[in-house]
Amino acid sequence: MRARAATVTAGVVLATALTTGAALAEDAGTPERPARMPAFVGQGLLQVFNTLDARTRLEVEDIGGGHRGVLWPFNWKVCRQSPAPGAPLAARTRVSVGVVKKTENCPPGAARS
């Protein structure tokens with residue numbers, strides 16, 4: 001069975017976190033979009049949302065085999081990403097990340113771009 005993926009925008013998740021009273025990074029404003037794709041593998045999922053512009057199309061997929069919905073980014077870490085680190089980012093670039101819970105190990109061979 002294939003893990004289901006969810007397409008979200010950074011703005012939706014950050015808005016949800018703000019309305020639940022979660023403490024985010026010091027600057028809750030919209031960060032400027034980086035010119036190149038950062039390296040997210042090994043980072044927390046929240047780092048992805050804090051780094052990418054809210055207009056970025058982001059696909060988040062649980063690759064841990066549990067077929068879980070990724071609703072709370074604080075609990076997840078990135079195991080793979082696309083595009084690769086260093087690739088140019090346009091305003092509407094589609095970014096895909098494979099994640100697992102922070103307490104889990106990344107699946108073998110998952111750390112690919």
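Above this text you will find the structure in question.
Report follows, based on the coordinates. Predicted model, so just to flag it, every value in this text is computed and none were measured.

Attention now moves to the state of the cysteines. By the definition in use, this model includes 1 disulfide. Put simply, Cys79 and Cys106 are joined by a disulfide, and their sulfur atoms are 2.0 Å apart. On the sign convention where negative is left-handed, the bridge of Cys79 and Cys106, at about -85° about the S-S bond, is left-handed. With Cys79 in strand 3 (residues 76-82) and Cys106 in the segment after strand 4 (94-101), the pair connects residues that are 27 residues apart, well separated along the chain. Since its relative accessible area comes to 32%, Cys106 is described here as partly exposed.

Below, the discussion takes up the packing of aromatic side chains. Here the distance between the centres and the angle between the planes together describe a pair of aromatic rings. According to the stated counting rule, one finds 1 aromatic pair in the structure shown. Relative to Phe74, the ring of Trp72 has its centre 4.8 Å away and its plane inclined at 40°; by these criteria the two rings are tilted. Relative accessible area serves as the criterion here: at 31%, Trp72 is assigned to the partly exposed category.

With that settled, consider unusual backbone geometry. Here the bond from Ser82 into Pro83 is cis, since omega is 5°, no more than 30 degrees from zero. Residue position: Pro83 is located in the loop between strand 3 and strand 4. One non-glycine residue, His67, adopts positive backbone phi at about 55°.

To continue, consider the pattern of salt bridges. All chains considered together, the criterion is met by 4 salt bridges. Between Arg55 and Asp53 there is a salt bridge whose closest N-O contact spans 2.8 Å. The exposure class assigned to Asp53 is buried, which follows from its relative accessible area of 7%. Glu104 is the salt-bridge partner of Arg68, the closest N and O atoms lying 2.8 Å from each other. One end of the pair, Arg68, is in the loop between strand 2 (57-62) and strand 3; the other, Glu104, is in the segment after strand 4, with 36 residues separating them in the sequence.

What follows concerns the pairing of strand 4. Strand direction decides the pairing type here: strand 2 and strand 4, joined by 6 bridges, are parallel. Paired with Arg57 across the bridge in strand 4 is Arg94. With 6 bridges joining them, strand 3 and strand 4 adopt antiparallel strand pairing. From the neighbouring strand, Ser82 faces strand 4, where its bridge partner is Ser96.

To continue, consider the side chain of Glu61. Structurally, Glu61 can be placed in strand 2. Separated by 3.1 Å, the side chains of Glu61 and Arg80 make a polar contact.

The rules behind each value
Sequence order as written defines residue numbering, which begins from 1 separately in each chain. In keeping with the predicted nature of the model, local features appear solely for residues at pLDDT of at least 70, side-chain atom pairs appear and are counted solely at 80 or more, and the whole-chain, interface and lining totals rest on all residues. Values reported for side chains reflect all heavy atoms of the structure, with hydrogen atoms and water molecules removed beforehand. Only a pair of cysteine sulfur atoms within 2.5 Å qualifies as a disulfide here. Helix and strand assignments follow DSSP, with helices taken as H or I runs no shorter than four residues and strands as E runs no shorter than two, numbered in order from the N terminus. Any residue under 20% of the maximum accessible area for its type is buried, any over 50% is exposed, and the rest in between are partly exposed; the area is computed with a 1.4 Å probe on protein chains only. Two rings belonging to Phe, Tyr or Trp (six-membered ring only in the last case) form a pair when the distance between their centres is within 6.5 Å. Interplanar angles under 30 degrees mark stacking, angles over 60 mark edge-to-face geometry, and anything in between is tilted. Throughout this description, the term salt bridge denotes a Lys or Arg side-chain nitrogen within 4 Å of a carboxyl oxygen of Asp or Glu. Think of it this way: DSSP has to see at least two bridges between two strands before they count as a pair. The definition of a polar contact used here is a pair of N or O atoms within 3.5 Å, where within protein one atom must be able to donate a hydrogen and the other to accept one, and adjacent residues in sequence count solely through side-chain atom pairs.

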